[in-house]
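Here's the letter readout for the chains.
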Amino acid sequence: MMNRLTIAIAAAGWALYGFSALMPRSSNADAQAEIARLHQAAQAAGTEHDALVAQLELFKEANQDLQHLQNRIAAATQELKHLEYLRSRISGEIDVMRPQPSRGSSQALSAPEHPVSSDAAGAVPSKEEVGYAQQALTALGFGPLKADGVFGPGTRRSIEAFQQSRGLPVTGNLEAGTLRALRNSHTAAQP
């Protein structure tokens, strides 16, 4: 058994020697050059891989920073909306608590400084329109206003908050566009 194994190993060795002797020397040099080229390409790929991994880590950190900033902006926006709501609500409560002038002196005291204009021509809206606006503003959460048709500072602040929330020009006046937006919002909010 040992002789057969020794003979098989010897035969394989002589076959490999003969094969290598028959191979031309130039292909051995070509193989060595190809191995060297592949080794350099593998090193370059490893270096590029390391650079990409570093860039990916930087990107992940920047993305986390961006998400953190987006969360902070969203929280600040919510806080601002809440503060606007509170400001409108407090203004409305002040309007409700403010003593109203007596009927006899209301003509002299309620001469508006034209804070309210119903259209571009500068017409002053009626007391009913102001009252409706006050009622709609209260229903929409822009403050508890007394729907008395009197345009006071609380009503102005509530209109400003409404205009800001709807992307309208913030004037504090009850213009036709603001009144129309109030009617649409109030109608949409009713069940």
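Calculation notes
- Residues numbered from 1 in each chain as written.
- Predicted model: local features only at pLDDT ≥ 70, side-chain atom pairs only at ≥ 80, totals over all residues.
- Heavy atoms only, no water.
- Helix = DSSP H or I, 4+ residues; strand = E, 2+ residues; numbered from the N terminus.
- Buried < 20%, exposed > 50% of the residue type's maximum accessible area, 1.4 Å probe, protein only.
- Contact = heavy atoms within 4.5 Å.
- Areas by Shrake-Rupley, 256 points an atom, 1.4 Å probe, with all protein chains shown as cover.
- Axes fitted to C-alpha atoms, helices over the stretch in contact; angles between N-to-C directions.
- Parallel < 35°, antiparallel > 145°, perpendicular 65-115°, else oblique.
- Nonpolar A, V, L, I, M, F, W, Y, C, P; charged D, E, K, R; others polar.
- Polar contact = N/O pair within 3.5 Å; in protein donor to acceptor, adjacent residues only side chain to side chain.
- Core = buried A, V, L, I, M, F, W, Y, C linked by side-chain atoms within 4.5 Å.
- Salt bridge = Lys/Arg side-chain N within 4 Å of Asp/Glu carboxyl O.

A. Examining the overall build of the chain more closely. When helices and strands are counted, the chain shows six helices and zero strands. The order of α-helices and β-strands along the chain, N terminus first, is α-α-α-α-α-α. Residue burial in the chain is summarised as follows: out of 191 residues, 20% are buried. Taking contacts inside the chain between residues at least 6 apart in sequence as the whole, the part at least 24 apart equals 49%. As presented, the chain carries roughly 13,700 Å² of accessible surface, and 61% of it is formed by carbon and sulfur atoms.

B. Representation of the packing of helix α5 (residues 153-166) against helix α6 (residues 176-189). It is the contact of α5 with α6, at a shortest axis distance of 11 Å, that shows an interaxial angle of 75°. If you check the angle between α5 and α6, you find them roughly perpendicular. Facing α5, whose interface residues are Ile-159, Phe-162, Gln-163 and Arg-166, α6 presents Thr-178, Ala-181, Leu-182 and Ser-185. Classifying every residue of the contact of α5 with α6 by side-chain character gives four nonpolar, three polar and one charged.

C. Representation of the side chain of Asn-173 in the model. Topologically, Asn-173 is positioned in the loop between α5 and α6. Of note is the side chain of Asn-173, whose polar atom sits 3.3 Å from the side chain of Arg-156.

D. Local environment of the nonpolar core. Formed by 14 residues in total, the largest nonpolar core has its most connected members in Leu-137, Phe-162, Leu-174 and Leu-182. Looking at this core, the elements with two or more residues in it are α4 (127-139), α5 and α6. Considering each element in turn, this core owes the most residues, four residues, to α4.

E. Layout of the environment of Pro-144. Structurally, Pro-144 can be placed in the loop between α4 and α5. Separated by 10 residues in sequence, Pro-144 and Gln-134 have C-alpha atoms that sit 8.4 Å apart.

F. Structural view of the pattern of salt bridges. Per the counting criterion, the structure on display carries one salt bridge. Between Glu-34 and Arg-37 there is a salt bridge whose closest N-O contact spans 2.6 Å. Of this pair, Glu-34 and Arg-37 are both found in helix α2 (residues 25-97), three residues apart, which corresponds to roughly one turn of the helix. Residue classification places Arg-37 among the partly exposed residues on the basis of a relative accessible area of 45%.

Any functional reading would require information beyond the geometric quantities listed.
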